[in-house]
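Understanding the architecture of this molecule
Here is how the chains run, residue by residue.
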Amino acid sequence: MTPQAMPSDTQVSLSDAEASLGDNAAIRGPARLLVLGGGGREHALVWSLAREAAVKAVLVAPGSDAIGDEPKVRCFPNVSALDPAAVVDLAKRENVDLVVVGPEAVLAAGVADALMDAGVPTFGPTRAAARIESSKAFCREVAEAAGVRMARGRDFAALEPALAFAAELAAASGSRGVVVKADGLMAGKGVTVCDDFAAAEAALRALFAGVSDEKSAEQTSRKPKAQPLVVIEERLVGAEGSLIAICDDHAALALPPARDHKRLLDDDEGPNTGGMGAYSPVPDLPDSLSATLLDVIHRPILAELARRGAPFRGALYAGLMLTPEGPVLIECNARFGDPELQALLPRLAVPLGSLLYGAAQGDLAAAAAELGLHGRLLPTTGDAAVAVVLAASNYPENPRKGDAILGLAEAAAAGATVFHAGTVRDAEGHFRTNGGRVLAVVGLGATLQSARANAEKAAECVTWTGMQRRHDIAAKLPPATGREASAASPSPITAADWDTAGRATGDSADWEGAS
């Protein structure tokens with residue numbers, strides 16, 4: 001089923017946006033693309049790229065039944081995105097202009113390295129640069145060297161020192177608790193937020209005990225004994241935010257900010273997940289501050305990675321905690337966020353393909369100039385977007401597959417954009433659940449309130465046995481913070497507005513912390 005964008009009074013279609021950029025800008029960029037992956041993020045990428053006038057064909061490996069329904073799209077279900085040789089062969093055989101890597105596991109497998117070695121332009125960092133996500137300890141090391149503020153923390157390879165440090169953090173004056181992070185790729189679910197030392201101790205003992213399990217032993221078999229297994233940090237209190245930038249070794253161009261919801265249940269209850277919903281814009285993360293964050297987070301990290309011989313070309317995701325003292329980096333990802341991207345792409349008023357192509361070739365600035373872009377933020381249609389994730393029964397522990405999905409046509413008729421993350425079409429042509437997070441239902445509107453109402457209306461149309469979802473995505477919005485700036489204008493806030501501790505000064509220091 002092809003997703004349908006919701007109309008609104010403020011929306012500008014992509015074709016209109018391309019036309020406004022000029023005839024030449026509308027036809028520049030890659031004509032044939034290969035997208036690696038088959039989840040909801042990749043469906044959103046394919047949906048967005050296939051709408052661009054310059055794009056003639058979008059190939060996807062492995063893709064999915066729903067992705068294959070998009071116009072201009074052809075899926076290769078027998079090609080594993082984790083197989084470097086198979087991906088290189090496909091890219092060469094199909095004469096693609098650009099490969100866009102979706103999932104983090106593909107980056108960790110070195111597929112981008114193989115493509116670059118074969119001379120194929122690739123949007124996605126090398127395995128060395130992608131360690132900014134695949135190792136939380138490495139992320140902390142890079143951030144510290146780059147002067148980027150993170151929560152107080154350390155990494156550990158042994159249980160007893162880890163317990164001692166967790167006890168120290170829990171006993172510190174004003175402590176809000178402890179955060180235990182498994183080092184490595186955990187699909188967004190390797191973090192345990194602990195209110196006290198007892199909870200942290202239980203999490204640490206379970207994590208270290210798991211190293212002896214067959215599955216964990218396989219995952220860590222290539223790690224030297226001295227390498228960390230866990231990162232322990234102080235618990236910060238505040239609202240979270242995501243700022244994703246398209247990067248080309250040194251330059252960064254930001255997508256609009258977004259806010260993800262990690263917990264499974266309403267009111268941030270239940271276990272952590274890969275993400276149960278997202279919205280954009282973020283009232284307490286205004287464009288003006290977002291532009292500055294590129295200067296104090298993304299660009300220093302890019303410079304430090306380049307200094308280490310691991311230049312980064314791809315999507316650099318900064319997960320932020322908006323504390324009363326200012327924004328703090330809590331994690332980096334080496335790819336687009338999921339489900340943030342599902343909420344972001346319907347808002348963009350500029351074709352994405354040429355920017356990804358420019359970044360892959362190391363000249364993002366030239367690609368942006370050809371599109372007539374100025375400043376450091378991508379322009380939007382003016383609409384707000386809310387994405388509500390629908391998850392399978394027993395997610396996240398052991399998601400059940402094979403349940404019949406009802407109401408997709410009704411959701412489309414309600415005007416929703418529906419991205420498929422974990423579905424499969426059965427012999428009768430009906431979609432069934434085939435993963436943990438199954439769908440993302442996206443509503444657009446002139447305000448976040450109207451976008452949420454539209455997303456909720458469409459999500460209510462969809463059901464299957466045991467379906468899980470939250471009903472409070474974007475329900476409680478913080479007050480707007482700081483000064484706004486047009487996406488096409490230079491930011492009125494500069495790096496000089498920040499003190500050496502990484503705190504905002506002046507107007508931008510007025511942050512609203514939320515528990």
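Quick summary incoming for the structure in this document. (Residues numbered from 1 in each chain as written. Predicted model: local features only at pLDDT ≥ 70, side-chain atom pairs only at ≥ 80, totals over all residues. Heavy atoms only, no water.)

**Here's the deal with the overall build of the protein chain**
Test applied: Put simply, DSSP marks the helices as runs of H or I at least four residues long and the strands as runs of E at least two long, and each gets a number from the N terminus on. Exposure classes here rest on a 1.4 Å probe applied to the protein chains alone. A residue is buried below 20% of its type maximum, exposed above 50%, and partly exposed in between. Contacts are assigned to residue pairs with any non-hydrogen atoms lying within 4.5 Å of each other. Accessible areas in this description were obtained via Shrake-Rupley with a 1.4 Å probe; residue shielding takes into account the shown protein chains only.
Within the protein chain one finds 18 helices and 22 strands. Put simply, the protein chain has 515 residues, and 55% of those count as buried. Excluding contacts between residues fewer than 6 apart, the proportion of contacts in the protein chain whose partners are at least 24 apart in sequence is 72%. When the accessible surface of the protein chain is split by element, carbon and sulfur atoms take 50% of a total near 19800 Å².

**What to know about the sheet that holds strand β6 (residues 153–156)**
Heads up, the rule is: Here, a strand pair is defined by DSSP locating no fewer than two bridges between the strands. Simply put, an axis is a line fit to the C-alpha atoms, just over the touching stretch for a helix, and the angle between two N-to-C directions goes from 0 to 180 degrees.
An order of β6-β9-β7-β8 is seen for the four strands of this open sheet, with the pairing classed as antiparallel. Because the sheet does not close on itself, it has two edges, and the strands there are β6 and β8 (191–194). Strand-to-strand twist of the sheet, defined as the mean angle between neighbouring strand axes without regard to direction, takes the value 15°. In terms of strand pairing, strand β7 (residues 178–182) meets β8 through four bridges, oriented antiparallel. Considered in β8, the bridge of Val178 is made with Cys194. Contacts from helix α9 (residues 136–146) reach β6, β7, β8 and β9 (230–234), with the element oriented near 55° to β9. Along the sheet, helix α11 (residues 197–210) contacts β6, β7, β8 and β9; its crossing angle with β7, the most-contacted strand, is approximately 10°.

**Remarks on the packing of helix α10 (residues 159–171) against α11**
The condition is simple: Should an angle fall under 35 degrees it is taken as roughly parallel, and over 145 as roughly antiparallel, whereas 65 to 115 is taken as roughly perpendicular and any remaining angle as oblique. Crossing handedness is read from the near helix: turned anticlockwise from the far helix by less than a right angle, it gives a left-handed crossing, and turned clockwise, a right-handed one.
Two elements in contact, α10 and α11, have axes whose closest approach is 10 Å; the angle formed by their N-to-C orientations is 160°. With respect to α11, the element α10 is oriented roughly antiparallel. By crossing handedness, the relation of α10 to α11 is classed as right-handed. The segment α10 lies against α11, with Leu159, Ala162, Leu163, Ala166, Ala167 and Ala170 engaging Phe197, Ala200, Glu201, Leu204, Arg205 and Phe208.

**Re the side chain of Arg41**
Cut-off, in case you're wondering: Distance and chemistry together define a polar contact, namely a pair of N or O atoms within 3.5 Å, with one atom able to donate a hydrogen and the other to accept it when in protein, and with adjacent residues in sequence counting only for side-chain atoms on both sides.
Its location among the elements puts Arg41 in helix α3 (residues 40–50). Look at Arg41 and you get buried, because its relative accessible area is 6%. Separated by 2.7 Å, the side chains of Arg41 and Glu42 make a polar contact. Setting aside chain neighbours within four positions, we find Arg41 in contact with Gly102, Pro103, Glu104, Arg335, Phe336, Gly337, Asp338, Leu341 and Gln342.

**Some thoughts on the packing of α9 against helix α13 (residues 287–307)**
We count it as follows: The residue classification treats Ala, Val, Leu, Ile, Met, Phe, Trp, Tyr, Cys and Pro as nonpolar and Asp, Glu, Lys and Arg as charged. All others, Gly included, are polar.
At a minimum axis separation of 9 Å, α9 and α13 run at an interaxial angle of 105°. If you check the angle between α9 and α13, you find them roughly perpendicular. Along its contact with α9, which presents Phe138, Val142, Ala145 and Ala146, the element α13 presents Pro300, Ile301, Glu304 and Leu305. In terms of residue class, the contact of α9 with α13 is made up of seven nonpolar, no polar and one charged.

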